[in-house]
Amino acid sequence: MKYKLRLVLAAACFSLLFVPDAQGRQGGASNGTARREVAVTVDDLPAWGDLEKMTYITRKLLKSITDNKVPAVGFVNESQLFARGETDARVALLQMWLDAGLELGNHTFSHILIDRHPLDAYKEDVIRGETVTRMLLREKGMKLRYFRHTQLRTGPTAEYKEGLGKFLAGRGYTVAPVTIDNQEWVFAEVYSGAKERGDKETMKRVAEAYLKYMDEIFAFFEKLSREFLGYEVKQTLLLHANELNADYFEQLVGMMRTRGYTFVSLEDAMKDKAYGLPDAQAKMGLSWIHRWMLAKGLEMKPEPAEPEWIASLHKSYFRR
Ligand SMILES: [Zn+2]
């Protein structure tokens, strides 16, 4: 899960600072000529919830992923594997990802919150999160090579970020970046809340709003990339293993295909030279495009927000 403060940042001067769109590509479904690439990553494996829900999500999501030949990488929180009498069944869900020809990475053991723990505790949680995943990968002749920060937070201070970066590199990790950052988790939590209540009409409305929102998010980051880099980066998309994506990944694939996307592996996407740019230290979870911009002293641009009714439904379902 990812919690992020709503960005309300002035975009003044933004357009003056950037090179024009060198390739002249336009976002949007109307352009059939766009050739775009995206790597799909799925966080919080095997999923949050009970075994029944985890199994539903894994089966259905994997079916859409494999039917559409999407070379996704799943990021694991191994703490989710340990429940009395269920551990084998939960590990079997991870095995399904590998048997589908997909790759797994580490997303820390406990989904540790970087702002609340010193670096040593964070490092320990990274190491603890390797055990089962590494074993399963080894059986397939694969290595554990990707790490995804929880909440996309890379460190509350420059020193922390640098220390963690060195530690991760030393353990052989490549940090998995995200360019298409989004608030999908808000839609997903509302969707699951409606599902629990048996409210099919709200589920449908939420799903429709989600697909529309994601289309807007893609358009936003495509444009941001053109303005900043002069071309559209090979994008990296962040999603989560949840009921919304289990039920609607197929439609999400349709939206991406309409925008001209083909699906590439994370390894292929990261061959784009942009991923070698310095990424700024930031307290919150941000798209790597914004991190690259901040590192150059540029300001961020406000991202599209989820509709107000989604935000208020989220509040009403999860008021604590
Ligand atoms: Zn997560």
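Everything that follows concerns the structure shown earlier in this document.
Each value, and the rule that gives it
Residues numbered from 1 in each chain as written. Predicted model: local features only at pLDDT ≥ 70, side-chain atom pairs only at ≥ 80, totals over all residues. Heavy atoms only, no water. 1 Å grid on protein atoms, 1.4 Å probe; cavity = no way out; pocket = protein on both sides within 12 Å on 5 of 7 lines; lining within 4 Å. Points joined across faces, edges and corners; volume = space filled by probe spheres on them. Helix = DSSP H or I, 4+ residues; strand = E, 2+ residues; numbered from the N terminus. Nonpolar A, V, L, I, M, F, W, Y, C, P; charged D, E, K, R; others polar. Axes fitted to C-alpha atoms, helices over the stretch in contact; angles between N-to-C directions. Parallel < 35°, antiparallel > 145°, perpendicular 65-115°, else oblique. Contact = heavy atoms within 4.5 Å. Buried < 20%, exposed > 50% of the residue type's maximum accessible area, 1.4 Å probe, protein only. Right-handed = clockwise from strand over helix to strand, strands pointing away. Arc of directions from axis to C-beta. Pairing = 2+ DSSP bridges. Donors = N, O, S within 2.8 Å, 3.2 Å for Na, K, Ca; no water.

A. The layout of surface pockets, seen in detail. One number sums up the size of the largest pocket: a volume of about 340 Å³. Taken together, 18 residues make up the lining of the largest pocket; nearest its centre are Trp 48, Lys 53, Ala 188, Glu 189 and Ser 192. It is helix α7 (residues 184-196) that contributes the most residues to the lining of the largest pocket, six residues altogether. Looking at the lining of the largest pocket residue by residue, the classes come out as eight nonpolar, four polar and six charged. The wall of the second largest pocket is formed by 17 residues, among which His 149, Lys 161, Val 175, Asp 279 and Trp 288 lie closest to the centre. Counting residues per element, the ones that place at least two in the lining of the second largest pocket are α6 (158-170) and α11 (288-295).

B. View of the packing of helix α2 (residues 51-67) against helix α3 (residues 87-99). It is the contact of α2 with α3, at a shortest axis distance of 10 Å, that shows an interaxial angle of 5°. Judged on the interaxial angle alone, α3 and α2 are roughly parallel. Residues Leu 51, Met 54, Thr 55, Thr 58, Arg 59, Leu 61, Leu 62 and Ile 65 of α2 touch α3, and the partners they reach there are Ala 89, Arg 90, Leu 93, Met 96 and Trp 97. Residues belonging to the contact of α2 with α3 are distributed by class as follows: nine nonpolar, two polar and two charged.

C. Broad picture of unusual backbone geometry. Of the consecutive residues Leu 45 and Pro 46, the connecting peptide bond is found in the cis state with omega at 0°. Structurally, the position occupied by Pro 46 is in the loop between β1 (36-45) and α2. With a phi angle near 55°, Gln 151 is a residue other than glycine that sits in the positive phi range. Of note, Gln 151 is situated in the loop between β4 (146-147) and α6.

D. A look at the pairing of strand β2 (residues 73-76). Judged by which residues are buried, β2 turns out to be covered on both faces: Val 73 and Phe 75 on one side and Gly 74 and Val 76 on the other are all buried. Each parallel crossover has a hand, and for β1 linked through α2 to β2 it is right-handed. Read as a crossover between parallel neighbours, the route from β2 over α3 to strand β3 (residues 103-106) is right-handed.

E. Examining helix α12 (residues 308-318) more closely. Among the residues of α12, those classed as buried are Ile 310, Ala 311, His 314 and Tyr 317. Take α12 and look down its axis: the buried residues cluster within an arc of 130°, on one side only. Exposed and facing more than 90 degrees away from the buried side of α12 are Glu 308 and Lys 315. If you follow the buried residues of α12, they end up packed against α7 and α8 (200-229).

F. Spatial organisation of the pairing of β3. By the alternation rule, side chains of β3 split into Glu 103 and Gly 105 and Leu 104 and Asn 106, which are all buried. Where β2 meets β3, four bridges bridge the pair, whose relative direction is parallel. In the strand pairing of β3, Phe 75 is matched with Gly 105.

G. Region of interest: the coordination of the zinc ion. Taken together, Asp 44 (OD), His 107 (NE2) and His 111 (NE2) make up the full set of protein donors to the zinc ion, lying 2.1 Å away. Within one chain, the residues serving as donors to the zinc ion are arranged as D-x62-H-x3-H. Its relative accessible area of 10% is what places His 111 among the buried residues.

H. Quick peek at the environment of Leu 45. Mapping Leu 45 onto the fold places it in strand β1. As for Leu 45 and Gly 105, which are separated by 60 residues in sequence, their C-alpha atoms are 9.6 Å apart. Among all residues touching Leu 45, those that are not within four sequence positions of it are Gly 74, Phe 75, Val 76, Asn 77, Gln 80, Leu 94, Trp 97, Leu 104 and Ala 241.

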